[in-house]
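Overview (structure and organization)
The lines below spell out each chain.
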Amino acid sequence: MKRIAVFVSGGGSNLQALLEGCESGYIKGKITAVISSKQGVYALERAKNYNVPCYVFDKNKYADLDLMYKEISSLLKKQSIDLIVLAGYMSILNADIVKQYANRIINIHPSLIPSFCGKGYYGLKVHQAVLSYGCKVTGATVHFVDEGTDTGAIILQQAVNVEQGDTAEVLQKRVLITEHKLLPQAVKLFCDGNIKLCGRLTQIINQE
Ligand code: GRF
């Protein structure tokens, strides 16, 4: 059973999909910690409903950010975390944590990487940019986290149609539905040891 820490900053609908995936046995893993960058977000309520211990590390409360990351790192070590999942986490992990957990950090991004990703592409901004460009297709990507922003090896992607008349909010909701399938699927693959990494390419093995 892999031990999973999920990092959140908002509503936590992706966290919910993971909690359900673990509870049903679809994911052979256990979420042992939810770490939020903000107090009072709904994701924390979701974690509490499943009796998962929650921790808040708000960078505004730290004069020294290195100290915050050291505290996060020692929590992860103490909990013997095997996998970190960034599920709507609005901060960037520091280089030390990325190095310590190389190929063991997964992020979900609400576009088809390498389009509409990187610095400045978060939340509704992603979907607004897709609409302003006039794309007919967008989607979701689950990838490993490296030292860049949204640059790590891609694990899974799923396309989502842009419909005529979509607003960013409507498109965001449609993409989220896909995220809720794709993220648990990627976490399951990781926990089953079915993701093989060759450089920046991934291969899914033992595909059912
Ligand atoms: C998702 O769209 C995710 O791709 C992005 O932030 C959003 C988080 O939504 N990184 P939620 O908090 O899981 O509902």
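Residues numbered from 1 in each chain as written. Predicted model: local features only at pLDDT ≥ 70, side-chain atom pairs only at ≥ 80, totals over all residues. Heavy atoms only, no water.

Some points on unusual backbone geometry
A negative phi holds for most residues other than glycine; trans holds for most peptide bonds. Cis peptide bonds are those with omega within 30 degrees of zero, and the linkage from Ile-113 to Pro-114 qualifies with 15°. With respect to the secondary-structure elements, Pro-114 resides in the loop between strand 5 (105-109) and helix 5 (124-133). Despite not being glycine, Asn-103 has its phi angle at roughly 60°, a positive value. When you line up the elements, Asn-103 lands in the loop between helix 4 (95-100) and strand 5. (Helix = DSSP H or I, 4+ residues; strand = E, 2+ residues; numbered from the N terminus.)

A look at the state of the cysteines
Throughout the structure, instances matching the rule amount to zero disulfides. Distance from the sulfur of Cys-54, which forms no disulfide, to the nearest cysteine sulfur (Cys-22) is 15 Å. For the unlinked cysteine Cys-117, the closest cysteine sulfur is that of Cys-135, found at 12 Å. (Disulfide = S-S within 2.5 Å.)

Some words on the domain arrangement of the chain
Partitioning the chain into domains gives domain 1 (1-101) and domain 2 (108-208). Put simply, the middle of domain 1 and the middle of domain 2, counted by C-alpha atoms, are 19 Å apart. Counting from both sides, the interface comprises 18 residues of domain 1 and, opposite them, 17 residues of domain 2. Between domain 1 and domain 2 lies a buried interface of about 1,600 Å² when both sides are counted; carbon and sulfur atoms form 73% of it. Counting the contacts that link domain 1 with domain 2 gives one salt bridge. Of the charged contacts in the structure, one is a salt bridge between Asp-192 and Lys-28, with a shortest N-O distance of 3.7 Å. Of all the elements in the fold, those that place two or more residues in the side of domain 1 that touches domain 2 are strand 1 (2-8), helix 1 (13-24) and strand 4 (83-86). The element contributing the most residues to the side of domain 1 that touches domain 2 is helix 1, with four residues. Counted by class, the side of domain 1 that touches domain 2 contains twelve nonpolar, three polar and three charged residues. (Domains from an automatic or database assignment. Contact = heavy atoms within 4.5 Å. Buried area = accessible area lost by both parts, 1.4 Å probe. Salt bridge = Lys/Arg side-chain N within 4 Å of Asp/Glu carboxyl O. Nonpolar A, V, L, I, M, F, W, Y, C, P; charged D, E, K, R; others polar.)

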